[in-house]
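Here's the letter readout for the chains.
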Amino acid sequence: VRDRLGARTIVLVGMMGCGKSSVGRLLAARLKLPFVDADTEIELAANLTIQEIFARHGEPYFRAGEHRVIARLLGQGPQVLATGGGAFMNPETRKLIAESGISVWLKADFETLFERVSRRANRPLLQTPDPAGVLKRLMALRDPVYAQADVAVDSRNVPHEQVVSDVVSAL
Ligand code: S3P
């Protein structure tokens, strides 16, 4: 797999709660590649949490920073990159990913995602009176775009280790 990858980065995309960070970490260990998490890098660059960035500066500011951080990370050679759920929605970001990465969509169903995101109240977009409704609407909007990824892997009710094996076979 590493030979076929060349200098390309494996970019995990998909909804909040689909397992991008957990699967990404395991996948990187399996392939002996570095792992980077775009959300963590954004927090480091801003010296604020994602929630603080949304609260203080708003979503457009976060999205601009997210694009810059992903552009920088994609130039770093072969690695596994977990992106935030909204990153792949930006056409400019998608273009960069297509140029220097292989995108992998971790697909999951609403129930799996909602159960996972409900464990931690750290997603500003879901801090609303109707998080289930928002999650459903985001899925309807985003799934057709995630479907443009190079590879899609089912992550619903599948242990992370199995998802990692499925990604490796699909690459
Ligand atoms: C977002 C997903 C989050 C984070 C931010 C916005 C989104 O990342 O980037 O809260 O728009 O779906 P995760 O997908 O890692 O939760």
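Residues numbered from 1 in each chain as written. Predicted model: local features only at pLDDT ≥ 70, side-chain atom pairs only at ≥ 80, totals over all residues.

Here we look at the overall build of the chain
For clarity, the cut-off: Put simply, DSSP H or I for four residues or longer makes a helix, DSSP E for two residues or longer makes a strand, and each gets a number counted from the N terminus. Only the C-alpha atoms count toward the radius of gyration. The rule for a globule is 2.2 Å times the residue count to the power 0.38. Note on burial: count the other C-beta atoms lying within 10 Å of the residue's C-beta; 20 or more is buried, 12 or fewer is exposed, in between is partly exposed, and C-beta positions come from the backbone. We call two residues in contact if the C-beta atoms placed from their backbones are at most 7 Å apart.
Along its length, the chain carries nine helices and five strands. Its helices and strands taken in sequence order, the chain reads α-β-α-β-α-α-α-β-α-β-α-α-β-α from the N to the C terminus. Over its C-alpha atoms the chain spans a radius of gyration of 15 Å, differing by no more than 12% from the 16 Å that the globule rule assigns to 171 residues. Viewed in the frame of its principal axes, the chain has a C-alpha envelope of about 45 × 35 × 25 Å. Considering the chain as a whole, with its 171 residues, one finds that 32% of them fall into the buried category. In the chain, of all internal contacts separated by at least 6 residues, the share reaching a separation of at least 24 is 75%.

Some remarks on the environment of Gly58
Within the element layout of this structure, Gly58 appears in the loop between α4 (50–57) and α5 (59–74). Sequence-wise, Gly58 and Arg142 are 84 residues apart; in three dimensions their C-alpha atoms are separated by 20 Å.

Here we look at helix α9 (residues 160–170)
Stated precisely, the cut-off is as follows: To be clear, the arc concerns the directions from the helix axis to the C-beta atoms.
Regarding α9, the residues found buried are Val163, Val164 and Val167. Taken down its axis, α9 places every buried residue within 105° of arc, on the same side. In this structure, α9 carries Glu161 and Ser169 as exposed residues pointing more than 90 degrees from its buried face. On its buried face, α9 is in contact with α2 (20–31), β4 (101–107) and β5 (151–154).

Side note on the sheet that holds β4
Defined as follows: Being paired, for any two strands, means DSSP has found at least two bridges between them. Axis definition: a line fitted to C-alpha atoms, over the contacting stretch in the case of helices. Angles run 0 to 180 degrees between N-to-C directions.
The five strands lie next to each other as β2-β3-β1-β4-β5, forming an open sheet whose pairing is parallel. The open sheet has two edge strands with one neighbour each: β2 (35–37) and β5. For this sheet the average axis-to-axis angle between neighbouring strands, irrespective of direction, equals 25°. In the packing of α2 onto the sheet, the strands contacted are β1 (9–13), β2, β3 (80–82) and β4, and the crossing angle to β3 comes to about 170°. Packing against the sheet, α9 makes contact with β4 and β5, and its axis sits at approximately 155° to β5.

Let's talk about the environment of Asp39
You can see Asp39 is positioned in helix α3 (residues 38–46). Counting along the chain gives 17 residues from Asp39 to Ser22, while the straight-line C-alpha distance between them is 13 Å.

Brief notes about the UniProt feature "binding site: Mg(2+)" (unreviewed entry) in the chain
Put simply, the rule is: UniProt positions are given in the numbering used here, feature names are shortened, and annotations may be inferred rather than shown by experiment.
Taking the numbering used here, the UniProt-annotated feature "binding site: Mg(2+)" (unreviewed entry) corresponds to Ser21. Mapping Ser21 onto the fold places it in helix α2.

Some thoughts on unusual backbone geometry
In this structure, Asn47 takes a positive phi of about 55° despite not being glycine. A residue is classified by how many C-beta atoms lie within 10 Å of it, and Asn47, with 8 of them, is exposed. Within the chain, Asn157 stands out as a residue other than glycine whose phi angle is a positive 50°. Topologically, Asn157 is positioned in the loop between β5 and α9. Accessibility expressed as a C-beta count within 10 Å gives 10 for Asn157, which makes it exposed.

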